[in-house]
Amino acid sequence: MSRSLRPSRLVAVSLAFGVSLPTLAWAESTRDKVLAVTTQALKANGAKEVTWGAIEGDDARFTVSSTKIVTEAEGKIGTVTVDKTTWVGAAVTPEGGTSADEVTAEGFALESDDAKVKFDKVVLTKYRGPAPAKVVPGKISGERIEQATVTGITVTNEDGKTVPIASATFSATDYLGDTPRKAGFDLKGMVLPIDPEDADLEPVRSLGYQKVTLDASFAGTWDDKTGRLDVSALTVGAADMGTLKVAATIGGLTPEVIEALKKADADEGKQMELMQGLTVETLSVRWDDASLTGRVLDQQAKQQGVDSKTYAKQVKLLMPAMLSMIGNKEFEKKVAGAAGSFLDSPKSLTVSARPKAPVPFGQLMGAAMMMPQTLPAVLGVEVVAND
């Protein structure tokens, strides 16, 4: 997507605002005050032109039709249009920003030189926007929502290829300042077409796939008292392929560390220094197979002129030699046993780490560079198949 759109910030502002009015010094109603502030915020974020059609309703509920927002950056034009935006329970906050119980945008479209994004409908719940004076162009700062639900999504790149997405939902609650203590994300029905003319996708086509349909989700909580981030599930699943699930508990992420990471946004060295103090408490990576492994084995076996069971046996015989580079005989045996069971019957494969005590990132990076063979013992790594 074109940088001229400043997508991370402009989309968030436009979804919530999707409406605009010139600054109204004489505005009396809450509705007009909210629209005046949102216009100022959009322009503070780089909007060069803001137009709209009819405005109907009162302070409790009002609708703005045919909104158009034009931005220009680095000589490139970006345009956001919204057919209809409805605000419910809107108000101007004491800080000079805006809030609403709900904001619904219908017929949302964002267009640049190299991409087009369309949403049938967007619903934001418990929205709070920053005061125009606090808007930082290109960055999301001071905005807050409890839930955003987007349906009927299409993304079209500069080559005209379109990716549809059925829906996406984001939630964030129990805030400490601008940081939620609980957050989640759920994406359904992202369909990636397999272009028959794209040579890079031939390995995927050869496995019998004509498209890839993805679902993804995330769920996590943060305890500001202990500094513990618990990612209960980060999941990506592909129909007729399988599902990858990652879970982790990270320590040391205190409010002070989060604030320091924000301040070091442009200093990668400082960010790395801060992250070395974080700790790994638990970590797991699990693959649940839904035919991908079988397809790969069948394909490789065919190329070798054998059946898939014979090919799997050959791989198992070679596994000790392939794993010898790890330099940890006990762990190599664990991996070989689990991998062999998985090849015999591809159902699931899980790698988990449960160290006896939290392990600092800095220690892990040092061990990875100097003594990688010690990492399985340091982290308490286990490998299990088909559990």
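Residues numbered from 1 in each chain as written. Predicted model: local features only at pLDDT ≥ 70, side-chain atom pairs only at ≥ 80, totals over all residues. Heavy atoms only, no water.

### A word on the pairing of strand 9 (residues 162-176)
Here is the key point about a regular strand: its side chains alternate between the two faces of the sheet.
No. 1: Sheet topology note: the strand 8 (residues 147-157)/strand 9 ladder contains 9 bridges and is antiparallel. Its bridge partner lying in strand 9, glutamine 147 is registered against serine 171.
No. 2: Linking two consecutive strands that pair antiparallel, namely strand 8 and strand 9, is a turn of 4 residues; a positive phi of about 85° is found at glycine 160 within it.
No. 3: Looking at chain direction, strand 9 and strand 10 (residues 179-193) are connected through 10 bridges and run antiparallel. When the bridges of strand 10 are listed, leucine 176 appears paired with threonine 179.
No. 4: What sits between strand 9 and strand 10 in their antiparallel hairpin is a turn of 2 residues, with glycine 177 showing a positive phi close to 65°. (Pairing = 2+ DSSP bridges. Helix = DSSP H or I, 4+ residues; strand = E, 2+ residues; numbered from the N terminus.)

### Digging into a nonpolar patch on the surface
No. 1: A contiguous nonpolar surface patch, about 570 Å² in accessible area, is contributed by Met272, Met365, Met369, Met370 and Met371.
No. 2: Looking at the nonpolar patch element by element, the count peaks at 3 residues for helix 9 (residues 361-370).
No. 3: Summarising the element assignment, methionine 371 is placed in the loop between helix 9 and helix 10 (375-379). (Patch = residues over 30% accessible without salt bridge, like charges linked within 9 Å, V, L, I, M, F, W, Y side chains within 5 Å. Areas by Shrake-Rupley, 256 points an atom, 1.4 Å probe, with all protein chains shown as cover. Salt bridge = Lys/Arg side-chain N within 4 Å of Asp/Glu carboxyl O.)

### Quick notes on the environment of valine 117
No. 1: Looking at the secondary structure, you find valine 117 in strand 7 (residues 115-129).
No. 2: Its relative accessible area of 7% is what places valine 117 among the buried residues.
No. 3: For the pair valine 117 and aspartate 307, spaced 190 residues apart in the sequence, the C-alpha separation amounts to 46 Å. (Buried < 20%, exposed > 50% of the residue type's maximum accessible area, 1.4 Å probe, protein only.)

### Points about the confidence of the model for the chain
No. 1: Summarising the model, the chain shows a mean pLDDT of 90, and 91% of its residues fall at 70 or more.
No. 2: Strand 13 (residues 242-251) holds the highest mean pLDDT among the elements of the chain, 98, whereas helix 1 (residues 7-17) holds the lowest, 48.
No. 3: In the predicted structure, residues 1-10 sits below a pLDDT of 50 and forms 42 contacts with residues beyond four places in sequence or in another chain.
No. 4: Below a pLDDT of 50 lies the segment residues 18-27, which in the model reaches 30 contacts outside its immediate sequence neighbourhood of four places, other chains included. (pLDDT = per-residue confidence, 0-100. Contact = heavy atoms within 4.5 Å.)

### So, the packing of helix 7 (residues 308-323) against helix 8 (residues 329-344)
A pair of packed helices is captured by two measures, namely the crossing angle of their axes and the spacing between those axes.
No. 1: Where helix 7 contacts helix 8, the axes come no closer than 10 Å and their chain directions differ by 165°. The orientation of helix 7 relative to helix 8 falls into the category roughly antiparallel. Like other packed secondary-structure pairs, helix 7 and helix 8 cross with a definite hand, here right-handed. Where helix 7 approaches helix 8, its residues Ala312, Val315, Lys316, Met319 and Leu323 are matched on the opposing element by Glu332, Val335, Ala336, Ala339, Gly340, Leu343 and Asp344.
No. 2: Here the residues of the contact of helix 7 with helix 8 sort into 8 nonpolar, 1 polar and 3 charged. (Axes fitted to C-alpha atoms, helices over the stretch in contact; angles between N-to-C directions. Parallel < 35°, antiparallel > 145°, perpendicular 65-115°, else oblique. Left-handed = near helix turned anticlockwise from the far one by under 90°. Nonpolar A, V, L, I, M, F, W, Y, C, P; charged D, E, K, R; others polar.)

### Here's the deal with the nonpolar core
No. 1: Of all hydrophobic cores here, the largest spans 32 residues; its most connected members are Leu253, Met319, Leu343, Leu364, Leu379, Val381 and Val383.
No. 2: With 6 residues, helix 8 is the single largest residue contributor to this core.
No. 3: Not counting the four nearest positions on each side in its chain, valine 381 is found in contact with Phe331, Lys334, Val351, Ser352, Ala353, Leu375 and Pro376.
No. 4: Judged by nonpolar contacts, the second largest core, of 29 residues, contains Ile69, Val82, Ala105 and Val122. (Core = buried A, V, L, I, M, F, W, Y, C linked by side-chain atoms within 4.5 Å.)

### Notes on unusual backbone geometry
No. 1: Backbone geometry at serine 66 places phi at a positive 55°, although glycine is not the residue there.
No. 2: Its place among the elements puts serine 66 in strand 3 (residues 61-73).
No. 3: One non-glycine residue, asparagine 386, adopts positive backbone phi at about 55°.
No. 4: Mapping asparagine 386 onto the fold places it in the segment after strand 17 (381-385).
No. 5: The exposure class assigned to asparagine 386 is partly exposed, which follows from its relative accessible area of 27%.

### Section: the pairing of strand 17
No. 1: Here strand 17 shows a buried face lined by Val381, Val383 and Ala385 and an unburied face lined by Glu382 and Val384.
No. 2: Across 5 bridges, strand 15 (residues 348-353) lies against strand 17 in antiparallel orientation. The partner of serine 352 across the bridge, within strand 17, is glutamate 382.

### Points about the packing of aromatic side chains
No. 1: Going through the model one piece at a time under the given rule, you end up with 2 aromatic pairs.
No. 2: When the centroid spacing of 6.0 Å and the interplanar angle of 15° are considered together, the rings of phenylalanine 62 and tryptophan 87 count as stacked. With phenylalanine 62 in strand 3 and tryptophan 87 in strand 4 (residues 76-88), this pair connects stretches of sequence that are 25 residues apart.
No. 3: Judged by its relative accessible area of 1%, phenylalanine 62 is buried. (Phe/Tyr/Trp six-rings, centres within 6.5 Å; stacked < 30°, edge-to-face > 60°.)

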